[in-house]
Amino acid sequence: MTPTLAAIVLSLFSAAAYAAAAVAQERLAARSAGSGTLRLLARGAWWWSVTLNASAALLHVAALKYGTLTLVQPLGALTLVAAVPLGARVAGRRVTAVEWRGTALTLLGLAALLVTASGPTPDDVMSLPQALAVAGTTAVLIGGLSRGARPGLRHATASGFASGVASALTQTVTVAATDRSDSLMSAQVVVVALLVAVFAAGGLLLSQTAYQGGLGAPLAVVTLANPLAAAVIGLSLLGERLQGGAAGVLLALVGASIAGCGVVTLSRSAPEPAADPVDTLVDDEHPVAAVLALEPGSAACEPSLLPQQPNSGHLTSL
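About the thresholds
Residues numbered from 1 in each chain as written. Predicted model: local features only at pLDDT ≥ 70, side-chain atom pairs only at ≥ 80, totals over all residues. Heavy atoms only, no water. Helix = DSSP H or I, 4+ residues; strand = E, 2+ residues; numbered from the N terminus. Salt bridge = Lys/Arg side-chain N within 4 Å of Asp/Glu carboxyl O. Buried < 20%, exposed > 50% of the residue type's maximum accessible area, 1.4 Å probe, protein only. Axes fitted to C-alpha atoms, helices over the stretch in contact; angles between N-to-C directions. Parallel < 35°, antiparallel > 145°, perpendicular 65-115°, else oblique. Contact = heavy atoms within 4.5 Å. Nonpolar A, V, L, I, M, F, W, Y, C, P; charged D, E, K, R; others polar.

Within the element layout of this structure, A156 appears in helix α7 (residues 153-177). For A156 and A225, which are 69 residues apart along the polypeptide, the C-alpha to C-alpha distance reads 8.4 Å.

Written as structure tokens, this is what we have:
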């Protein structure tokens, strides 16, 4: 199996695991309204979803070992695609025509990106000064976007950038840690690993703020800003290149636009319920659960707890 194919397969399994965890957490949250967050810790279903999240994160890290950022990160949108039919089945409804259209657009755009983003196994890593420079620049950018108490698209953009940078730094840690010429506990690995933890946690907190004002547009922004930030770092610092020259760049831009339209369509395919005081019990892991809204007729017995939150591993995660 080629490195590119290995990265694609691992990304597919990671997306499926994230989607399954999103569905499980959304349903558990809906059935646990008013029971308190701590009581979820005593539920076996909650721990099962945590296991799925952890497995998905490990698969994502493994994918970053074999594939470039420009290849792996856009595939994070497949979490949203996988969650649509799975969530619809669990909720006892059919996938709508709008959801099928969004899924088709996303898959078509990702297919175009796969053609141009495929490449050899990543072997370049950011030096410690480069990692610190990226972290500092991103922190300043996030600080500017996060100013102001009112949540919205600025916070969603900041969350996507934080998660994308976390993935780029994760690839550096993964490649450096598996390079036998360097120590596992070298300063580069340790410091960059700490930066990964900081940006992953920051992305999660920012997403929680962004989704307070609704899910549709913020969900799309988070999903699109993540691979954008990772791709900029990969192309500028890690020696990644798009295949096919100028034509390849044009195809990648077209594919990214089509995939973006698909993501936006999927993020707006489910009706957004009114805010509810029990929203504090929402899924702390995945924005993709936004598309898993229950049937209107089931609201009386299973109140939806949207808005929900993204996973720190998404996809993006990392």
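We now examine the pattern of salt bridges. Going through the model one piece at a time under the given rule, you end up with one salt bridge. Taking the shortest distance from any N to any O, the salt bridge between E99 and R93 comes out at 3.0 Å. Take E99: its relative accessible area is 1%, and that puts it in the buried class. Take R93: its relative accessible area is 14%, and that puts it in the buried class.

Right, let's talk about the packing of helix α6 (residues 128-146) against α7 for a bit. Two quantities define a packed helix pair, namely the angle between the axes and the distance from one axis to the other. The contact between α6 and α7 brings their axes to 8 Å, and the two run at 170 degrees. For the element pair α6 / α7, the angle class is roughly antiparallel. Here A131, V134, T138, L141, I142, L145 and S146 of α6 come into contact with α7, specifically with R154, H155, T157, A158, F161, A162, V165 and L169. Considering only residue class, the contact of α6 with α7 consists of 10 nonpolar, four polar and one charged.

That is the geometry; function is a separate question.
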